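Examination of the molecular architecture
Listed below are the residues making up each chain.
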Amino acid sequence: MWDNFWSRSWTVLTENSSFLWDALQNTLIITFAGFALGLVIGTILAIINANPSKGIFSRIAKGFAWTYILILRGTPIVVQMLILFFVFLGPQGVEALNVAILAFGLNSGARSAEILRGAIGSIDKGQLEAGRALGFSNFRTMQKVVLPQAYKNAIPALGNEIIALLLATSVVGFITVIDITRGMQLIVARTFDVLVPYMLLAFIYLVLVYILTLVLKFFEKVVFKHGK
Amino acid sequence: MENNVIEVKNLVKKFGKLTVLDDVCIDVKKGEVIAIIGSSGSGKSTLIRCMNGLETSTSGDVLFNGELLTKGNINKKRQKIGFVFQSFNLFPNMNVLKNVTVAPKTHGKFQFPFTQKWKKAKQELNEKALEMLEKFGLGDKAKENPNNLSGGQKQRVAIVRALMSDPEIMLFDEPTSALDPEMVKEVLDAIKSLADKGMTMVIVTHEMKFAKSVADKIIYIDKGKIIESGTPEQIFNNPQCERLKEFLSKILD
């Protein structure tokens, strides 16, 4: 079974290079676009949750944020994606790739919200008071003072999130998107060779995660240049 | 009383069952420097925090220029009430220059970025900030991150930050308590220079000598009540009540 493993791997890669390249692009697009969307959603939810106001609007918004996070963290991403695609958006003619981005963005948003909530909570209360004492509203204090510091503190956790997201995108084949996993499955189906494509697949994910880790390390180094 | 910058009227503050401030009344006249002294836990920090709404009172009013401070106008009024914290609370996500310009920039008239007007406004603001930093001996620190400054420098930056909005009154909440002893003087000198220019100020402090030399009026607070107030002469040389005498003997030994 392991005969000529390396040469067979090379053949699989070269013979399917453009096909696999497209598949890889889909994986990366879903990962990064989903993460970006998740960060926007997470920020909005975190701002809602950090608002000290006890007014009626704030309470309603907090209830919404709580429910959102409960549902999106409490059900599998695959199930969310299947429902979004087959029940809601697929029948409307929305492209599967876009549905995948949306699904992963919505899902990641719930987790990013929790990460940012923790990061906001870790900012010294004096920072908030200093902002308020300068005459900033709650929102302005968040925008100018608290969030920039919170994002910085959250970088390691957000790095984990993007890596987890990358690996989780391997299920998008469920809704007909051809990512790198689905791509390899198709090669398996065509060639009846199970070993090589799947080993290659694992290796590709490993390399991607390794590169991401390096990039994140570099990023942290630049951002934390001045110390905390 | 159009001369009063801040009036505190029958202020009561309770944290749960604990009464921290009990029926406190203070008038701060224009140009006056008031020092608030008292042992720790006496409520003096809570009092000064109530003066700009960082704490909301349980009952009683705080008036700024004769106008009641409310939830609706507090952000506007705070722009004219400078506040300096014990722990500096500079923003570590900005350099010194941005720390001191962020408030006037945010509160100033909106300009579309990168237009001529925007550039001019930004330049004028930066020049004003640099001039002010220079005045407080921080001219070469404009581009530094606040984390890289000494405690005394941080507190002076915090003072400049509060001054940049041209406040009508400055409130100091134990401005030297978090400092190493050798840095206390530079901050006190900075505060003194403001007093000499006629700035209206309220200072919560443990530095009795400083209070004596800079204040027009000293207020002694104990257990949330104003026990005695008067000129530095009266308070330090001729204290009336026992508690103040005891406090002074402890602190001046």
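Look above for the structure.
Reference entry: report on the structure contained in this document. Worth saying up front: this structure is predicted, and the values here are computed from it rather than measured. (Residues numbered from 1 in each chain as written. Chains lettered and ligands numbered in written order. Predicted model: local features only at pLDDT ≥ 70, side-chain atom pairs only at ≥ 80, totals over all residues. Heavy atoms only, no water.)

Observations regarding the interface of chain B and chain A
The condition that has to hold: Contact definition: two residues touch when any of their heavy atoms are within 4.5 Å. Buried area, as used here, totals the accessible surface that two parts lose on assembly, with accessibility defined by a 1.4 Å probe and the loss added over both. Whenever a carboxyl oxygen of Asp or Glu lies within 4 Å of a side-chain nitrogen of Lys or Arg, that contact is scored as a salt bridge. Under the scheme used here, helices are H or I runs from DSSP no shorter than 4 residues and strands are E runs no shorter than 2 residues, and both carry numbers assigned from the N terminus.
Opposite the 21 residues of chain B that make contact, chain A presents 18 residues. Note on chain B versus chain A: buried area summed over both sides is about 1,700 Å², and carbon and sulfur give 57% of it. Broken down residue by residue, the surface that chain B buries against chain A is led by Phe91(B), Asn93(B) and Thr106(B), which jointly contribute 26%. If you look at where chain B meets chain A, you find one salt bridge. In this structure, Glu129(A) engages Arg49(B) in a salt bridge whose closest nitrogen and oxygen atoms are separated by 2.6 Å. Secondary structure elements with two or more residues in the side of chain B that touches chain A: helix H2 (74-78), strand E6 (81-84) and helix H3 (96-107) of chain B. Counting residues per element, the side of chain B that touches chain A draws most heavily on H3(B), which supplies four residues.

Considerations on the sheet that holds strand E7 (residues 169-173) of chain B
All names here are of chain B. Which entries qualify depends on this criterion: The rule for pairing is simple: two strands pair if DSSP sees at least two bridges between them. Fitted lines through C-alpha atoms give the axes, limited to the stretch in contact for helices. The angle between two N-to-C directions lies from 0 to 180 degrees.
Taken together, six strands build an open sheet; the order of strands is E6-E7-E8-E3-E9-E10 and the sheet is mixed. Of all the strands in the sheet, the pair left with one neighbour each is E6 and strand E10 (225-230). With strand direction ignored, the average angle separating the axes of adjacent strands in the sheet is 15 degrees. The strands touched by helix H6 (residues 181-196) within the sheet are strand E3 (33-37), E7 and strand E8 (200-204), with E8 carrying the most contacts at an inclination of about 150 degrees. The sheet strands contacting helix H9 (residues 242-252) are E3, strand E9 (217-222) and E10, and the helix crosses E9 at an angle near 100 degrees.

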